[in-house]
Amino acid sequence: KLAATATFLGLAPALPAISHAASRGKRLGIVIHSYAFRGSRNQNSKQYPPFKDAVELLEHVSTYGAGGVQTRTSGWDKPLTRQIRNTCERLGLFIEGTISAPGTADDLDRFDTEVAMAKEAGVKVFRTAMGGRRYEDFQSRHEWLELKDRSWKRIRLAESIARKHKVQLAVENHKDWEADDLIDFMEGMGSEYLGVTIDTGNSISLLEHPDETVRRLAKYGATTHIKDMGVQEYEDGFLLSEVPVGQGFLNMKSLFDTLERRNPNIQFCLEMITRNPLRVPCKTKGYWATFEKQDATKLAKALKWIRAHSQEDLPSVKGKTLDEKIEYEELNNRLSVEYAEKALGLKG
C-alpha cells in the first residue's frame, strides 16, 4: 500500500545509494510533529484517525522499525503511564516528552504534576521550546529582548522542577534562538538538569550552517530533532523544507558522530514535518528587525551555501486531500527510518 501510495502521489524518488553502516545500538525515534496531519487532534480522517494516545503512537511506529517516540505529556494519568511503560518494555522502545515550560510561578504545580506523571511512564528527557519564528513573530529588537527575558524566567522555574525529579529539560533551538543565545542560557544556569534539544535544521532559518550549529551545541545535547533539509533561493530569501533523511544537503553521519561524541546516550528523534516550503525572507529589512544589525557578511556567506545546495523540487502538500497528506507524511517517515537504519547505523 505504501508503494502504491508513493507511485500515485509521485512523491517517492528512489532512496540514495546506500552503503550499509555498522549498528549504533539504537534506532531512530519519531517526534509527534512528524505526524503533523495525522497527529492533529482535530483532524477528521475516517481512514487515518488521530492516535488515541501515546500507546497507540508507540505501537504504530514500531511497525516500521522506529525505536521510540518523543511526544506530548499533557493529560496523562496513572493508568496511561502504566500502559506506556509496559508498551515500551514489551516492544523495546524509548519514550521522551515534549512539555510546555511554566509561564509563571502559578503554573509550577501543573508543570510539576506533568513531569512526575511522565517520569513514571519512563520519560527522562523533556523537550521544550520558548518561541516561534522570530523573523515572523516580532517587529523590533525590543520585542525580541522581552521574549528573551521571559524565557530566562521560565527556564529558571522549569529547572527547579527538573532538578527536583532528577530529569533533564532540553530547550530546543527553534527558529528563535541563535546558538549564542542557547549557550548563554546553558552557561548562565550551569545545571546538569538543563540541556538542549538540538534541531539539525531549524537554525538554517537564522543563517547558521547545520555543521556549525551542531558543533557548538553538542556539548549541551540532551536529545534531538533530526531533520534533513532542502533549500531553494527565491526573490526575498530562500525556501526551507524538511525532506526524508538522505535526500537533503546535510551530512547526517557527521552530525550524528558529533552528537554522540559528546553524549553517547543521546537519542536521535526524527522531526520530519511534511508541509509546504517555509519562506525565510532574509533579504528583506523586516527579517533583521530583531537583530542588532543586518550582517551583510553572514547573509552573503549563507546565500553562497544555500545556492550551492539548491533543490528544484521541494516537498509540497498543495492540492492534496487530508488522506493524501497523511499518506505522504507516513511515507516520508518510513523512508527516513529506512535510510537511517541502512546508511547511518540506527539499528539494534
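Not measured: the values here are computed from a predicted model. (Residues numbered from 1 in each chain as written. Predicted model: local features only at pLDDT ≥ 70, side-chain atom pairs only at ≥ 80, totals over all residues. Heavy atoms only, no water.)

Student: Would you mind showing me how to read the sheet that holds strand β1 (residues 29-31) here?
Tutor: Note on sheets: strands pair through backbone hydrogen bonds, and any given pair is parallel or antiparallel. Strands sit in the order β7-β6-β5-β4-β3-β2-β1-β10 across an open sheet of eight strands; the sheet is parallel. Whereas interior strands pair on both sides, the edge strands pair on one side only; in this sheet they are β7 (221-225) and β10 (269-270). (Pairing = 2+ DSSP bridges. Helix = DSSP H or I, 4+ residues; strand = E, 2+ residues; numbered from the N terminus.)

Student: Please clarify how unusual backbone geometry should be interpreted in this entry.
Tutor: Trans peptide bonds make up the majority, and among non-glycine residues the majority have a negative phi. The phi dihedral of lysine 166 falls on the positive side, at around 55 degrees, and the residue is not glycine. Considering the arrangement of structural elements, one finds lysine 166 in the loop between α6 (141-165) and β5 (168-172). Classification of lysine 166 as exposed rests on a relative accessible area of 61%. The phi torsion at leucine 207 lies on the positive side, around 70 degrees, for a residue other than glycine. Along the chain, leucine 207 falls in the loop between β6 (194-199) and α8 (210-217). Taking relative accessible area as the criterion, leucine 207 reaches 5% and is therefore assigned buried. (Buried < 20%, exposed > 50% of the residue type's maximum accessible area, 1.4 Å probe, protein only.)

Student: It is not clear to me how the packing of aromatic side chains should be interpreted in this structure. Could you clarify?
Tutor: Two aromatic rings, taken as a pair, are described by how far apart their centres are and by the angle between their planes. In total, this model carries eleven aromatic pairs according to the counting rule given. Look at phenylalanine 249 and tryptophan 305: their rings are 6.0 Å apart centre to centre, the planes differ by 40 degrees, and that puts the pair in the tilted class. Here tryptophan 305 lies in helix α10 (residues 296-308) and phenylalanine 249 lies in the loop between β9 (237-243) and α9 (252-262), a separation of 56 residues in the sequence. Ring centres 5.1 Å apart and planes at 80 degrees place the aromatic pair tyrosine 287 and tryptophan 288 in the edge-to-face group. We note that tyrosine 287, like tryptophan 288, is buried. Each member of the aromatic cluster is reached from another via a ring pair, and the members are Phe138, Trp144, Trp152, Trp177 and Phe185. In this arrangement the basic side chain of arginine 134 is found over the ring face of tryptophan 144, its NZ or CZ atom lying 3.7 Å from the centre. (Phe/Tyr/Trp six-rings, centres within 6.5 Å; stacked < 30°, edge-to-face > 60°. Lys NZ or Arg CZ within 6 Å of the ring centre and 35° of its normal.)

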